Amino acid sequence: MNQQISVVINTYNAEKYLARVLETASSFDEVVVCDMESTDGTVAIAQRYGCKVVSFPKANHKSAEPARTFAIQSASSDWVLVVDADELIPQALHDYLYDFVKNPGDIRGLYIPRKNYTMGVFLPSSYPDYQLRFFIKEGTVWPPYVHTFPTVQGKVEYIDKKRKDVAFDHLDDSTQATIRRLNNYTDNEVEKKRGKHVTLPYMIFSPMMRFIKLYFLKGGCFYGIAGFVQAQRSAIYKFTMLCKLYEKQIGL
């Protein structure tokens, strides 16, 4: 097993942050950009940075997940770090991972903490937001549904959440982009949860509890408008998904 690491990035019209992301990925052995037929400057940016660019048909896919396994298997290295096109890789994470692959023992995957930003503010209320993004390529399969983790062949462990220096920086999107993604992602999530029974009490209290958890229990209320917006967006996402799931339930 070699000690090289490939960074894999799935893209679709991701030009907004891509150059910044690729700057932070440039010191890895390989960067693979798997593009789903972008119509903006995404591919040109990837080519400018010398990335290996592969294509996956957009078709009617609502998220990157259907292309994840193909992207991972397009990497040349045994070890793969999956990064979204709006996530920055800190130098400390680069160093941590290269130290890790020198002697991984029986570990075949790592959950990496992530710092989320809303309206330019880092909100500890959502930290560590662990993501299973570093793993051995062989045998890894990613389910084709939004907000899923890959299935890794072997033992996985979590990087200590105290190591905030190694956490991904998940950059903020505009409200317009968030709303656009809301529709696509909830469509995909409904497919994942098809068959789940939705009741009126659940539809009332589940989004409400999501807001209360983020805003009050996890301290979003101490971060002004950004904290409120984050909690409200999360509750709206949950409510929208439940509405769509109920429509499926009654045959609409």
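Residues numbered from 1 in each chain as written. Predicted model: local features only at pLDDT ≥ 70, side-chain atom pairs only at ≥ 80, totals over all residues. Heavy atoms only, no water.

**Student:** I tried to follow helix H6 (residues 200-217) on my own but got confused; where do I start?
**Tutor:** Each turn of an α-helix holds 3.6 residues, which means side chains three or four residues apart point in the same direction. Under the 1.5 Å per step criterion, the end-to-end length of H6 is 24 Å for 18 residues, consistent within 8% with the ideal 26 Å. Turning to H6, its buried residues are Met 203, Ser 206, Pro 207, Phe 211, Leu 214 and Tyr 215. An end-on view of H6 places all buried positions within 140° of arc, on one side of the element. For H6, exposure combined with an orientation more than 90 degrees from the buried face picks out Leu 200 and Leu 217. As for H6, its buried residues are in contact with helix H7 (224-249). Just beyond H6, the residue with positive phi is Gly 219, at close to 85°. (Helix = DSSP H or I, 4+ residues; strand = E, 2+ residues; numbered from the N terminus. Expected span 1.5 Å × (residues − 1). Buried < 20%, exposed > 50% of the residue type's maximum accessible area, 1.4 Å probe, protein only. Arc of directions from axis to C-beta. Contact = heavy atoms within 4.5 Å.)

**Student:** Explain the side chain of Asp 169 to me, please; I cannot follow it from the model alone.
**Tutor:** Tracing the chain through its elements places Asp 169 in strand S11 (residues 168-170). Setting aside residues up to four positions removed in sequence, Asp 169 forms contacts with Asp 86, Glu 87, Leu 88, Lys 115 and Tyr 117.

**Student:** Sorry, what's going on with a nonpolar patch on the surface here?
**Tutor:** Among the surface-exposed residues, Leu 200, Ile 204, Phe 205, Met 208 and Met 209 lie close enough to one another that they form a single nonpolar patch of about 500 Å² accessible area. Position of Leu 200 relative to the elements: it lies in helix H6. (Patch = residues over 30% accessible without salt bridge, like charges linked within 9 Å, V, L, I, M, F, W, Y side chains within 5 Å. Areas by Shrake-Rupley, 256 points an atom, 1.4 Å probe, with all protein chains shown as cover. Salt bridge = Lys/Arg side-chain N within 4 Å of Asp/Glu carboxyl O.)

**Student:** Looking at this structure, how should I read helix H4 (residues 91-102)?
**Tutor:** Between its terminal C-alpha atoms H4 stretches 17 Å, which fits the 16 Å expected from 12 residues at 1.5 Å a residue. Those residues of H4 not exposed but buried are Leu 93, His 94, Leu 97, Tyr 98, Phe 100 and Val 101. All buried residues of H4 lie within an arc of 155° about the axis, which places them on one face of the element. The elements touched by buried residues of H4 are strand S1 (5-11), strand S4 (79-82), strand S6 (107-112), strand S9 (131-136) and S11.

**Student:** Sorry if this is basic, but what is going on with the environment of Ser 27 here?
**Tutor:** Within the secondary structure, Ser 27 sits in the loop between helix H1 (15-25) and strand S2 (30-35). Distance in space between the C-alpha atoms of Ser 27 and Ile 5 is 10.0 Å, their sequence separation being 22 residues. Ignoring anything within four residues of it in the chain, the contact list for Ser 27 reads Gln 91, His 94 and Tyr 98.

**Student:** Would you take a moment to explain the pattern of salt bridges for this structure?
**Tutor:** For side chains of opposite charge, pairing can occur when their charged atoms come near one another. Counted under the stated rule, the structure contains 14 salt bridges. One salt bridge connects Arg 68 with Asp 84, and the closest N-O pair in it is separated by 3.0 Å. Separated by 16 residues along the polypeptide, Arg 68 in helix H3 (residues 65-73) and Asp 84 in the loop between S4 and strand S5 (87-88) bring together distant segments of the chain. You can call Asp 84 buried: its relative accessible area is 18%. Two residues, Lys 244 and Asp 187, come together in a salt bridge whose shortest N-O distance is 2.8 Å. One end of the pair, Lys 244, is in helix H7; the other, Asp 187, is in helix H5 (residues 175-192), and 57 residues separate them in sequence. Through salt bridges with shared partners, one network takes in Glu 65, Arg 68, Asp 84, Glu 87, Arg 114, Asp 129 and Arg 133.

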